[in-house]
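# Examination of the molecular architecture
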Amino acid sequence: MTTPDIAARRALGACAVLMVGALTLTACGGNANANSGKGDGKGGQGSSKTSSATIAISAKDGSTSASINSTGVKVSGGKLTDVKMTVAGSGKAVAGEISANGGSWKPAEQLELGTKYQISATAKDAQGRTAAANSIFTTVTSASSFIGTYTPDDGTTVGVGMPVSFTFDKAISDKKDVQSHITVTSSSGQKVVGHWFGEQRLDFRPEEYWKAGSKVTTKIDLDGVEGANGVFGVQKKSFTFTVGRAQVSTVDVNTQTMTVVRDGSTLKSIPISSGSAQHTTYNGQMVISEKFRQTRMNSQTVGMGGEYDIPDVPDAMRLTTSGTFIHGNYWYNKANPPFGREGTSHGCIGLADAQGAQSDTPAHWFFDNSLVGDVVVVKNSPDKTVPPDNGLNGWNMAWSEWVAGSAV
């Protein structure tokens, strides 16, 4: 799952797409767009003194929610000759470059949130007549913007069960507008539909698992989209991931065995130990969302008492947000191993392992042969089916119900 620090490097964009148009330069030097000449009020010869270059600054003068990504300058009927952008008050220059054809200018780097800037631009038309424009504006603040942390990462290879999942940092009231500005497509041609879980989570998936080998592209165009009253999106980017081989592993609680099937062929049958009678394992399709060669597991972090605190659980892979893992177990009774015989865990799926996660064990093999996005199916457990929003487990929802949760 993408963490907030990961979100920071990929979930940046711009805020409100603001009106781009000619503004009026006043005699006092108001912050606007203008031509340098004046007509004589009679038309004809007087109008020839007016520059035909029209400058448009995307951030409207006086705006308090300007874009941090797409703020810039454009000109029609001429070419830009000079653009200066500064931080208002301090006068610190903001680097930027006029395009090769002289038609536009943009900052070299993303602007800061909640900062006041000033842009002054000049241009000339084909006859050398000058036009000028100015704008003073403030960029959108963190309080008036929202971002979506998403998974999977750009450029990764994932299993066939991996949904595209967004978690927004603020509640979204205009779900239709937000969802309509995110598109997910697959090279396989599979239809992809979004589903809202509450006001802050939006997942996308096809009806069936992704086709192995396909490439999935997500385009985020939330720049300036008002997700809630006075709260604007700050993301404009795209990312692509590849779907790897098709691996689905099925855990049968009746036999305490897991069968690993890849691309239709059985790779291995592995003895496991599921949840005990007191702490049963969820049924259903669960997607591996995180992998840890070693991790700490403490019962208090999942709402239990002091039943366990293991600092170095080996070969651990998360299946639910609530704490279900499939992982290695080195602390089992060596004289009476439970694997293939009985459930002894607190709801996780345990495989024989060795401390240090370095030995040739069933758990180590399964870890090395699994991808984030692979599916682990549990059947014949006395527990209920895992809720679809507990982890990346929307596959447990009927397609008709999934589609009904779309806002577009």
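Here the structure is a predicted model, which means the values were calculated and not measured. (Residues numbered from 1 in each chain as written. Predicted model: local features only at pLDDT ≥ 70, side-chain atom pairs only at ≥ 80, totals over all residues. Heavy atoms only, no water.)

### A closer look at the sheet that holds strand 10 (residues 148–151)
Read across the open sheet, the 4 strands follow the order 10-12-15-14; overall the sheet is antiparallel. Whereas interior strands pair on both sides, the edge strands pair on one side only; in this sheet they are strand 10 and strand 14 (192–197). The mean inter-strand angle of the sheet, taken between neighbouring strand axes irrespective of direction, is 20°. Pairing between strand 10 and strand 12 (residues 164–168): 4 bridges, direction antiparallel. Within strand 12, the position partnered with Tyr150 by the bridge is Phe166. (Pairing = 2+ DSSP bridges. Helix = DSSP H or I, 4+ residues; strand = E, 2+ residues; numbered from the N terminus. Axes fitted to C-alpha atoms, helices over the stretch in contact; angles between N-to-C directions.)

### Observations regarding the sheet that holds strand 22 (residues 265–271)
Two pairing modes exist for strands in a sheet, parallel and antiparallel, and in both the strands are linked by backbone hydrogen bonds. Strand order in the open sheet made by the 5 strands is 22-21-20-28-23, with mixed pairing throughout. This sheet does not close on itself; its edge strands, each paired only once, are strand 22 and strand 23 (284–287). Looking at each pair of strands side by side, their axes are set apart by 20° on average, direction ignored. In this sheet, strand 28 (residues 375–379) lies alongside strand 20 (residues 247–252) in parallel orientation, the contact comprising 5 bridges. Each residue of the ladder has a partner; that of Asp252, found in strand 28, is Lys379.

### What to know about the environment of Thr50
Position of Thr50 relative to the elements: it lies in the loop between strand 1 (33–35) and strand 2 (54–57). As a C-alpha pair, Thr50 and Asp125 span 75 residues in sequence and 9.7 Å in three-dimensional space.

### A few points about the pattern of salt bridges
Counting across every chain of the model gives 11 salt bridges. We note a salt bridge from Lys170 to Asp169, for which the minimum N-O separation is 3.8 Å. The salt bridge partner of Arg201 is Asp203, with a shortest N-O separation of 2.7 Å. The class of Arg201 is buried, set by a relative accessible area of 13%. For Asp203, a relative accessible area of 1% gives the class buried. One connected set of salt bridges, linked through shared partners, spans Arg293, Asp315 and Asp368. (Salt bridge = Lys/Arg side-chain N within 4 Å of Asp/Glu carboxyl O. Buried < 20%, exposed > 50% of the residue type's maximum accessible area, 1.4 Å probe, protein only.)

### With respect to the pairing of strand 13 (residues 182–186)
Burial of strand 13 is one-sided: the residues Ile182, Val184 and Ser186 facing one way are buried, the residues Thr183 and Thr185 facing the other way are not. As paired strands, strand 13 and strand 16 (residues 215–221) are joined by 5 bridges and run antiparallel to one another. Its bridge partner lying in strand 16, Val184 is registered against Thr218.

### So, unusual backbone geometry
Residue Thr151 is joined to Pro152 through a cis peptide bond whose omega torsion reads 10°. Summarising the element assignment, Pro152 is placed in the loop between strand 10 and strand 11 (157–158). Even without being a glycine, Ala357 presents a positive backbone phi close to 60°. Residue Asn380 is not a glycine yet carries a positive backbone phi of 65°. With respect to the helices and strands, Asn380 occurs in the loop between strand 28 and helix 4 (399–404). You can call Asn380 partly exposed: its relative accessible area is 41%.

### Some thoughts on the pairing of strand 20
Bridging between strand 20 and strand 21 (residues 257–262) involves 6 bridges; their strand directions are antiparallel. Considered in strand 21, the bridge of Thr250 is made with Thr259. The hairpin formed by strand 20 and strand 21 contains 4 residues between the paired strands, and Gln256 there has a positive phi angle of roughly 55°.

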